[in-house]
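What follows is the residue order along each chain.
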Amino acid sequence: MPTRAQVAVAELLAAKEMVLVCGSGGTGKTTIAAALGARAAATVGGRVLVLTVDPARRLATALGVGQFGNTEVRVPDEAFAAAGVKPRGEMWVAMLDTKAGWDELVRRHAPDAKLREQVLANPLYRNITSRFVHSHDYIAMERLHELHASGSYDLVIIDTPPSRNALDLLDAPGRMRDFFGSRLLRWLTVPYRSRLFTMASKPFYQVADRVLGSRFLQDIAEFFILFQAMEPGFVARAKEVERLLTDQRTTFVIVSTLEAAPAHEARFLAEALASRHMSLGALVLNRTLPASIRASSATKAANELRDVADGARLTKQLAKDSAGSVDPAASPSEVRDVLIEIAERFHDTAIVAAREADRRRELAAVAPIIVDTPTMRDDIHDIAGLLELGAYLL
Ligand SMILES: Nc1ncnc2c1ncn2[C@@H]1O[C@H](COP(=O)(O)OP(=O)(O)O)[C@@H](O)[C@H]1O
Ligand SMILES: [Mg+2]
């Protein structure tokens, strides 16, 4: 039986068209985004696209996005069949390629072909696009906008880039807009616009060029002048992308663990979304300990294990069972030590579980829906693994 929260997540994905999966890095964002997509394609239906940012290599290979590229690929039905599932819809995946994303923007916003080629060929542009601070965040959203607007997908789920501050993501379109309208950009382009200034600074340019290599400063100035020519397009687009974040069809899913730092960050992010009128759809608490561990009966069971570990019958039996086809069996006293160790460690785990429960309660106050996903036994690197995890989500 699905829980109420799992039903609510299924309804959320059926109702929304764009899902931004965000939260601290390393909490399982990429995995959860892919699991949401696989499960939605399997059970909700429609054309579902997952835009991943940094999938683990084995997952990327399994999904068929082994090579970097902006193009979307369909996960073949055979991959679902291998997991014993006939999907109701289609699952598509694409990888975020920041460089290709920038080129695409330039192609769109350059007023003419000549300027376009000049920008794309500018050495500084080529160097800078991969380093543009936070440009990952912006390009990710830009891609989301583009893929959604293409009308090819019923649902686009986007895994967001790891960033130091969760707000970077929400602020990315505004920052892009500001950059193009900024005084910094104007100032940087002034020397080449103003003849007087050029004359005055000529010796400086000559020296600098000699030190930095010929054309270095010209490249910089040219770069910013070219960029300024694209300002209207970029600014209008950034505004559109920004509007997307508060669109009715958009929702955010925060992924967190119940460790102190990510949980704190998740709460902060949930509050930031609320204050910006952005919709928080659900909170996924990944790798949480099962509630059963907190039960007093579990503590009793651990104490019991501690006691029976000293008994000869159990340790003898386990020692016998531990023999492999090649490995020799453990001795009963080794088995005893292992059991005692496990039984005593259990109390630490129970303390962690209790702490997790406290944090979960705090987070419940800021999230409309909470779903928990356990730590899976095996590494998640194929559709079967994603579907198994996804079954906890919706
Ligand atoms: N619930 C889970 N159970 C088992 N392994 C998980 C789980 N969630 C994530 N992982 C593993 O943890 C690693 C990091 O996950 P990933 O999704 O790449 O994190 P993030 O995108 O937040 O940095 C991956 O190897 C992934 O397979
Ligand atoms: Mg990731």
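The structure contained in this document is the topic of the report that follows. Because the structure is a prediction, the values reported are computed rather than measured.

Rules and cut-offs
Along each chain, the written sequence defines residue order, and numbers are assigned to residues from 1. Working convention: letters from A go to chains and numbers from 1 go to ligands, in the order in which they are written. Where local features are concerned, this predicted model is filtered to residues with pLDDT of at least 70; where side-chain atom pairs are given and counted, the filter is 80 or more; whole-chain, interface and lining totals use all residues. Side-chain descriptors were evaluated using all non-hydrogen atoms of the structure, hydrogens and water having been removed beforehand. A 2.8 Å cut-off from the metal defines N, O and S donors, relaxed to 3.2 Å for Na, K and Ca; water is not in the atom list, so some sites may appear incomplete. Numbering of helices and strands runs from the N terminus, with a helix taken as a DSSP run of H or I at least four residues long and a strand as a DSSP run of E at least two residues long. Exposure classes here rest on a 1.4 Å probe applied to the protein chains alone. A residue is buried below 20% of its type maximum, exposed above 50%, and partly exposed in between. Angles shown run from 0 to 180 degrees and are taken between the N-to-C directions of axes, each axis being a line fitted to C-alpha atoms and, for helices, limited to the stretch in contact. Throughout this description, any angle smaller than 35 degrees is read as roughly parallel, any larger than 145 degrees as roughly antiparallel, any in the 65 to 115 degree range as roughly perpendicular, and the remainder as oblique. Take the far helix as your reference; a near helix turned counterclockwise from it by less than a right angle gives a left-handed crossing, and one turned clockwise gives a right-handed crossing. Two residues qualify as a contact provided that any one of their heavy atoms is within 4.5 Å of a heavy atom in the partner residue. Here, any two strands with at least 2 DSSP bridges between them count as paired. Nearness here has a simple test: a residue counts as near a molecule or strand if at least one of its heavy atoms is within 4 Å of that partner. By the criterion applied in these results, polar contacts are pairs of N or O atoms within 3.5 Å in which, for protein atoms, one can donate a hydrogen and the other can accept it, and in which residues neighboring in sequence qualify only through two side-chain atoms. We place a 1 Å grid over just the protein atoms. Points where a 1.4 Å probe fits but has no way out form a cavity, open points with protein on both sides within 12 Å along at least 5 of 7 lines form a pocket, and any residue with an atom within 4 Å of a point lines it. Cavity and pocket membership follows a simple rule, namely that a molecule belongs there if more than half of its atoms are within 2 Å of the grid points. The criterion is simple. A nonpolar core is a set of buried Ala, Val, Leu, Ile, Met, Phe, Trp, Tyr and Cys residues joined through side-chain atoms within 4.5 Å. For this analysis, a salt bridge means a side-chain nitrogen from Lys or Arg found within 4 Å of a carboxyl oxygen belonging to Asp or Glu. Just so you know the grouping, Ala, Val, Leu, Ile, Met, Phe, Trp, Tyr, Cys and Pro go in nonpolar, Asp, Glu, Lys and Arg go in charged, and all remaining residues, Gly too, go in polar.

**Examining the coordination of the magnesium ion (ligand 2)**
- Protein coordination of the magnesium ion (ligand 2) is provided by Thr30 (OG1) and Asp54 (OD), with donor distances spanning 2.0 to 2.3 Å. Taken together, the positions of Thr30 in helix H2 (residues 29-44) and Asp54 in the loop between strand E2 (47-52) and helix H3 (57-63) put the pair 24 residues apart, joining distant regions of the chain.
- According to the relative accessible area criterion, Thr30 is buried, its value standing at 11%.
- On the basis of relative accessibility, which here comes to 41%, the residue Asp54 falls in the partly exposed class.

**Some remarks on the packing of helix H16 (residues 296-308) against helix H18 (residues 332-364)**
- Where H16 contacts H18, the two axes come as close as 8 Å, and the packing angle between them is 155 degrees. If you check the angle between H16 and H18, you find them roughly antiparallel. The element H16 and its partner H18 pack so that their crossing is left-handed. Listed contacts from H18 to Ala298, Thr299, Ala302, Asn303, Leu305 and Arg306 of H16 are Leu339, Ile340, Ile342, Ala343, Glu344, Phe346 and His347.

**Description of the sheet that holds strand E6 (residues 250-256)**
- Read from one edge to the other, the open sheet built from eight strands follows the order E3-E4-E2-E5-E1-E6-E7-E8, with strand pairing classed as mixed. Two strands close off the open sheet at either side, each with one partner strand: strand E3 (73-74) and strand E8 (370-373).
- Bridge count for strand E7 (residues 280-286) against E8 is four bridges, and the pairing is parallel. Following the sheet pairing, Leu283 is matched in E8 by Ile370.
- Against the sheet, H18 touches E7 and E8, its axis set at about 150 degrees to E8.

**Side note on the site of ligand 1**
- Surrounding ligand 1, one finds 15 residues, the nearest of these being Lys29, Thr30, Thr31, Asn286 and Met376.
- At a separation of 2.9 Å, an oxygen atom of ligand 1 approaches a polar backbone atom of Gly26.
- A distance of 3.1 Å separates an oxygen atom of ligand 1 from a polar side-chain atom of Asp379.
- The site holding ligand 1 turns out to be the largest pocket.
- The leading source of residues in the shell around ligand 1 is H2, at three residues.

**Details of the nonpolar core**
- Grouped together as the largest cluster of nonpolar side chains are 63 residues, with contacts concentrated most on Leu170, Phe227 and Ile254.
- Broken down by element, this core gets its largest block of residues, eight residues, from helix H9 (residues 166-180).
- Setting aside residues up to four positions removed in sequence, Leu170 forms contacts with Leu245, Phe252, Leu269, Ala272, Leu273, Arg276 and Met278.

**Thoughts on the pattern of salt bridges**
- With the rule as written, the count across this model stands at 23 salt bridges.
- Salt-bridge contacts for Arg47 lead to Glu90; the nearest nitrogen and oxygen are separated by 3.0 Å. Highlighted residues: Arg47 in strand E2 and Glu90 in strand E4 (residues 90-95), separated in sequence by 43 residues.
- The exposure class of Arg47 is partly exposed, given its relative accessible area of 28%.
- Note that Arg360 is salt-bridged to Asp372, the shortest N-O span being 2.6 Å. With Arg360 in helix H18 and Asp372 in strand E8, the pair connects residues that are 12 residues apart, well separated along the chain.
- One salt-bridge network, in which partners are shared between bridges, spans Arg108, Glu142, Arg143, Glu146 and Arg237.

**Considering the packing of helix H5 (residues 98-109) against helix H8 (residues 135-149)**
- Contact pair H5 / H8: the axes reach a minimum separation of 10 Å and the direction vectors enclose 65 degrees. Crossing of H5 over H8 shows left-handed handedness. Across the interface between the two elements, Thr98, Gly101, Trp102, Glu104, Leu105 and Arg108 from H5 touch Ser135, His136, Tyr138, Ile139, Glu142 and Glu146 from H8.
- Across the contact of H5 with H8, the residue classes break down as four nonpolar, four polar and four charged.

**Considering the pairing of E6**
- Counting buried positions along E6 gives seven out of seven residues, so the element sits mostly inside the fold.
- Burial along E6 is two-sided: Thr250, Phe252, Ile254 and Ser256 and Thr251, Val253 and Val255, pointing in opposite directions, are all buried.
- In the sheet, strand E1 (residues 18-22) pairs with E6 via five bridges, with the strands oriented parallel. Its bridge partner being in E6, Leu20 is matched across the sheet by Phe252.

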